[in-house]
Every structure is written in structure tokens, then in C-alpha cells.
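Notes for the structure review
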Amino acid sequence: MREKAVLLGKTKSLVGIITNPEVKTDGKKVERPAVVLLNSGTLHRVGPNRVYVKLARKLAADGFLVLRFDLSGIGDSQLPGSAASEGDARFISDTREAMDFLSDVHGVNKFILMGICSGADNAFSVACIDERVVGVNMIEPFSFPTTGYFAQSYSHSFLKLRSWKRLLTGQSEVWGIIKGLFVYHTSKETRQLTENWELPPKEKLISDLRALLQRGLNLCFIYVADGCGHYNYSKLLESEVSGLTIQGNPRFEFLEGSDHLFTLLEHQTWLTTVIHDWITKAVFGAPQKQIHEEVI
Amino acid sequence: MHRAYRHLSVLLAKSGLHVLRFDYYGCGDSSGEFEDADVEHWLSDLSVAIDEIKDAGGLSTVSLIGFRLGASLAALASTTRTDISRLVLWDPVVNGKQYIAELRESHGEWRRNHLPGAADVVSDNGQAKSENSGKLEIIGFPISPKLHDGLEGIDLLKIKNTLAEQIHIFDSLELRKNTDLRDHFASLKANVNYEFVSGSQSWSQSGGSDALSIPDSILQSIVTATIGE
């Protein structure tokens, strides 16, 4: 496995690691798009629990050129003192500059973007405006808090033996949960939380999604259910786009029992296996099919 | 932590020092898998890094700065190499057995917080093992028997010598003040400085162009200690 540190971007202020593809001898002459892994929150380019490193090496072993790099102000990359743009806009321009670098240096003109959490959101945003993107794998991306989400979230608590024990021993949190449902729906903090995350309006997301599918992009949404987060309702999104699905694209995967960052080893293995399966089918044109039952 | 180290490197470089940051085998960007890593390998990596910066900078001696386990490895390296002039130990891991116990407790706590259904299994037998493989796992990292034993073998209070001329110990947690380590190094006739920098106050929003929180106060103390002022 050959890996190389690179400086990229217009001012060479972004730091990345290129993982070069291993030569494939299976006779398949498919030109593979390069894969770009995008920072998850403020974690640097190795990703949570180093899962980006594992993923890059796994994909490179299968013939993909992979870049994982730090956006401005994250990891080893500088935050320009006179940044012309802030936040999301800067991250989008950073990502496009990373794609420019791969085009200039490695002659690649097609890209698959991937990321966890904010990395997923960033990947989606770039795909919407850059036609070089042919695939997006979004791990724990945006979603919309609804009553269905809360019902799903709290049903975990109601079904647990521990919850009933608490109820019977007078330590029940049921009233707290009921109260919390109302408070959460209406609180200033909730509004601030969603505003800070800059969740796209649902109608905008569906419209963008439709446009990406019409462009022929391969898409994959991966969600987990940690029972306490903002993310456990992929079915809602899945139902919104079910009418658009062709041969399993977009693909939806859902992992029970994992946290937001796939911390446990078995969950990391599941994640890299699902992504590898998705990208292989996306590049070689095979129908997408959920595999999580087999993996677990 | 990565960003804090980057910031520290910039501060040290601005002070005129050559700086090298590196990842141990199986960590960060470096080659290898964590499950194949062990303490002996990491000490060898550290030795390679020392030789590299000496060669690149035309230096005869180096200062080692380490956080937690990195500080422990730096202290161990100073027992055999004569070219380590200064040690800066930031919240060092003094006792490996205690460290493993803390990591296991953290793993159990993590599971209780994130995966309450699975946490009971772990806490009942006191083990932090991956459910599928049976291997020891601590918060997403596989711990090989060799690494486990190597970590448990670390006891800085049993170091019999250090060749470093100057040792600085910085602690940031009230419950983990390493004054006994200071006293131990002093008993070895080392020149030791000890400073407590409150952890709860030391991580702050950095000014200037860096947006992420970094522990400004302790980094400034480390720079001062490293440049020898």
C-alpha cells in the first residue's frame, strides 16, 4: 500500500493523504472514480476511530485512488486569515479544490464523495453543484426531527426491562420523557440546535435528491440507531424517495445498536463492508441491494 | 488533540525550534493496524523519529514532548538514549496497570451511555471484549495481548535512571497529580520542574485564525519549558 502526504488547494493550505490504488489484475478495464473522504465534524482526516484510514486502504486495495484531507481549520490544514467565505461555503470550495488537485495531478475527472455526519452533508452539497461527482455515500447525514422520530426514539426506552424496573421501583422517567417530548418540540434550544446544524428544508432536500438521481448519481444513505440521537429515522427519508428508486439506488442501510461514529470494532467492520459493497456495485453497474442482514 | 499538537508545533517553530510530529505504528496516518501494535514497536518508532529530526535539523540533542502514553514512552526512551536533553511530560501515564483499568472503565461507561442494552454484559464480567471476536477492545481499538502486557508493564516509578538533563511535568487533572513521579525523578538526581495547570480551564477557544478549542495556557507553559526560558 503506497500512501503520500500532499498539500493541496489554491494556496496549498490543505493537508491530505493520498492512498494509491493497488494494481488490479482481474482484467476489468473500468476507469474507477477517485474517492474523497470528508472530515467528520472537527475530527482530522483519519476519521472517528481511524475508520477513514481503514476505508481508504480497503478501497485502494480494490483499485481506487483515495484522498482523505483536512478542510480549512481542521487537523493540519490552515484556516485562511482572510477567508473569503465562512463555514459551509468554505468547506464546499475546499472539497472542490481537492477534486481539482486530483484532476490535475492524477488525471481523474470522476469522483465519489463520502463522509460521516457533517462530512456527509458536505458531500451532498458539493454533489449538487459539481457535475464531476458521480456518487455520494452519506453516513449519518441530515434528517428531520418529526413526531415519528420521537416515537421511534423513545420506544426503545419503553421496551427496555430497565425502564419497567424503574417504573415499578418508583424511579420511572416516564413523566420526564413525556414532558421532554413537549419541551423538546417547542424549546428554544431545539430550534437553536437545528438552526446551528443548518438542516436543509425537507422540500429542498427532496428536490436536490431528485436532481442528483436524474443526473445518474449513485447514492447511499447509512444511518444508525443509538436511541439518543438525532439520526434514527432513515425510514422517513427512504419513504420520501421510494418512488425515485431504481435498482436499489439510492441505497439505504441501517445499523441497529451502533452509535453515531461507529465506535465499536464490529460496527466499523460493518461500515467498511457496506461501503465497499456499495461502491463496487456503483462502479460496475450492479443492482444495489442491502446486505446488512448478511454482515451482522 | 491533533489540532492542539499542531498549534504547539507552530508555537515552537516560531520560537526557532525544529519540530517533528509523528504517528506511532498503527495510529493516525502511519502504516500498520492498531491490533498489530505494541509498546516495543512504538519505542522503536520514537527512536526512528529522534534520529530523523536530528538528521534533518543537524541537531545533537532533542527535547521530547508527550501527552499521556506518549509522555510515558518519552520517559522510557530517556533511560537508554543519551541525546534526549529535555523531557516535557503532559499528564503522563505513570502506571500501566492503572491505565488499562481506567481504559476498561471508560469502555464500560461508554457502552452504558451509548449501548445500554449491551453494557450490562460487559460490566458483569468486568471485561471490555468485543462481542463478536472475544478480543479485548477498548472504545473501538483492539488491544492485542502483547500491547496489553506492554502497557501493563509500564511503571515510571520503577525507572532506575534517566539521561535527560531537564524534566518538566505538567498535570491538568486534580485527581491525577503526579507529584510522586516528580519526587521519583528528583531521587534519580534529575532536574525536575512540576506544574499543575487546571484542565477544566486550560482548553479554550484559541484566538487568531484557528477556530478549534485548544489548551492555550498549558501549551504556552510547554513552550516556555521546551525553549528553556
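Here the structure is shown first, and the text comes after it.
In what follows, the accompanying structure is described. Predicted model, so just to flag it, every value in this text is computed and none were measured.

**Structural notes on the overall build of chain A**
Looking only at helices and strands, chain A has 11 helices and eight strands in total. Pairs at least 24 residues apart make up 70% of the contacts formed inside chain A by residues separated by at least 6 positions. For chain A, the computed accessible surface area is about 13600 Å², with 55% contributed by carbon and sulfur atoms.

**Observations regarding the overall build of chain B**
Across its full length, chain B holds nine helices and eight strands. Accessible surface computed for chain B: about 10900 Å², of which carbon and sulfur atoms make up 49%.

**Observations regarding the sheet that holds strand β1 (residues 62-67) of chain B**
Residues and elements named next belong to chain B. In spatial order, the strands read β1-β2-β5-β6; together these four strands make up an open sheet with parallel pairing. Each edge of the open sheet is held by one strand with a lone partner, namely β1 and β6 (191-196). If you compare each strand with its neighbour and ignore which way they point, the axes differ by 15° on average. Looking at chain direction, strand β2 (residues 84-90) and strand β5 (residues 166-171) are connected through five bridges and run parallel. Paired with W90 across the two strands is F170, which belongs to β5. Packed on one face of the sheet, helix α7 (residues 179-187) meets β2, β5 and β6 and runs near 170° to β6.

**A word on the sheet that holds strand β1 (residues 3-8) of chain A**
Residues and elements named next belong to chain A. Within the open sheet, the eight strands sit side by side as β1-β2-β4-β3-β5-β6-β7-β8. Their pairing is mixed. Bordering the open sheet on either side are β1 and β8 (251-256), each of which pairs with just one other strand. Taking each pair of neighbouring strands and ignoring which way they run, the sheet shows an average axis angle of 20°. One ladder, built from four bridges, connects strand β2 (residues 14-19) with strand β4 (residues 66-69); its direction is antiparallel. Its bridge partner being in β4, I18 is matched across the sheet by L67.

**Structural notes on the packing of aromatic side chains**
All names here are of chain B. Summed over all chains, the structure comprises seven aromatic pairs over all chains. Between F34 and W42, the ring centres sit 5.9 Å apart and the planes meet at 55°, which makes this aromatic pair tilted. Considered together, F34 and W42 belong to a single accessibility category, that of buried residues. Ring centres 4.7 Å apart and planes at 65° place the aromatic pair F67 and W90 in the edge-to-face group. On the criterion of sequence distance, the pair formed by F67 in strand β1 and W90 in strand β2 is long-range, its members being 23 residues apart. You can call F67 partly exposed: its relative accessible area is 25%.

**What to know about the interface of chain B and chain A**
Every contact between the two is made by 30 residues of chain B and, on the other side, 32 residues of chain A. Summed over both sides, the interface between chain B and chain A buries roughly 2400 Å², with carbon and sulfur atoms accounting for 47% of that surface. Taken together, the connections running from chain B to chain A amount to four salt bridges. The partner of R21(B) in a salt bridge is D76(A), with the nearest N and O atoms 2.9 Å apart. Applying the counting rule to chain B against chain A returns 17 residue pairs in polar contact (both at pLDDT 80 or more). Counting only elements with at least two residues in the side of chain B that touches chain A, the list comes to α1 (2-14), α4 (96-114), α5 (116-125) and β4 (141-142) of chain B.

**Quick look at the pattern of salt bridges**
Counted under the stated rule, the structure contains 22 salt bridges over all chains. R96(A) is the partner of D130(A) in a salt bridge, and the nearest nitrogen-oxygen pair spans 2.9 Å. Here the residue D130(A) occupies a position in the loop between α3 (118-129) and β6 (133-139), and R96(A) occupies one in helix α2 (residues 87-106), the gap between them amounting to 34 residues. The partner of D208(A) in a salt bridge is K204(A), and the shortest N-O contact between them spans 2.7 Å. Of the two residues, D208(A) and K204(A) both sit in helix α8 (residues 202-214), four residues apart, roughly one turn of that helix. You can call D208(A) buried: its relative accessible area is 17%. Members of the salt-bridge network, linked through shared partners, are E3(A), R45(A), R57(A), R68(A), D70(A), D76(A), R21(B), D29(B) and E33(B).

**Examining helix α10 (residues 265-284) of chain A**
Residue and element names in this part refer to chain A. An ideal rise of 1.5 Å per residue puts 28 Å on 20 residues; α10 measures up with 28 Å between its terminal C-alpha atoms. Counting buried positions over the 20 residues of α10 gives 14, a clear majority of the element. Residue G285 follows α10 closely and has a positive phi angle near 80°.

**Side note on the nonpolar core**
Residues F69(A) and L102(A) are the most contacted members of the largest nonpolar core, which totals 43 residues. Once residues within four sequence positions are removed from consideration, L102(A) is found in contact with I18(A), A34(A), V36(A), L65(A), L67(A), G107(A), V108(A) and F111(A).

**Describing the pairing of strand β3 (residues 34-38) of chain A**
All names here are of chain A. For β3, the tally of buried residues reaches five of five residues, placing the bulk of the element in the interior. Residue alternation in β3 divides its side chains into two sets, A34, V36 and L38 and V35 and L37, and both sets are buried. Here β3 runs beside strand β5 (residues 111-116); their pairing, made up of five bridges, is parallel. Bridged to V35 within β5 is I112. Sheet topology note: the β3/β4 ladder contains three bridges and is parallel. Looking at the pairing, V36 lines up with L67 of β4.

**A few points about unusual backbone geometry**
Residue and element names in this part refer to chain A. With an omega of 0°, the peptide bond between N249 and P250 qualifies as cis. Here N49, not a glycine, exhibits a phi torsion of approximately 55°, which is positive. Within the secondary structure, N49 sits in the loop between β3 and α1 (51-61). The class for N49 is buried, based on a relative accessible area of 15%.

**Overview of the packing of helix α2 (residues 39-57) of chain B against helix α3 (residues 69-77) of chain B**
Residues and elements named next belong to chain B. Their axes nearest at 10 Å, the elements α2 and α3 cross at an angle of 70°. Here α3 runs roughly perpendicular to α2, going by the angle between their axes. Facing V39, W42, L43 and L46 of α2, the residues of α3 in contact are L69, L73, A74, L76 and A77. Its residues assigned to classes, the contact of α2 with α3 shows nine nonpolar, no polar and no charged.

Conventions we followed
- Residues numbered from 1 in each chain as written.
- Chains lettered and ligands numbered in written order.
- Predicted model: local features only at pLDDT ≥ 70, side-chain atom pairs only at ≥ 80, totals over all residues.
- Heavy atoms only, no water.
- Helix = DSSP H or I, 4+ residues; strand = E, 2+ residues; numbered from the N terminus.
- Contact = heavy atoms within 4.5 Å.
- Areas by Shrake-Rupley, 256 points an atom, 1.4 Å probe, with all protein chains shown as cover.
- Pairing = 2+ DSSP bridges.
- Axes fitted to C-alpha atoms, helices over the stretch in contact; angles between N-to-C directions.
- Phe/Tyr/Trp six-rings, centres within 6.5 Å; stacked < 30°, edge-to-face > 60°.
- Buried < 20%, exposed > 50% of the residue type's maximum accessible area, 1.4 Å probe, protein only.
- Buried area = accessible area lost by both parts, 1.4 Å probe.
- Salt bridge = Lys/Arg side-chain N within 4 Å of Asp/Glu carboxyl O.
- Polar contact = N/O pair within 3.5 Å; in protein donor to acceptor, adjacent residues only side chain to side chain.
- Expected span 1.5 Å × (residues − 1).
- Core = buried A, V, L, I, M, F, W, Y, C linked by side-chain atoms within 4.5 Å.
- Parallel < 35°, antiparallel > 145°, perpendicular 65-115°, else oblique.
- Nonpolar A, V, L, I, M, F, W, Y, C, P; charged D, E, K, R; others polar.

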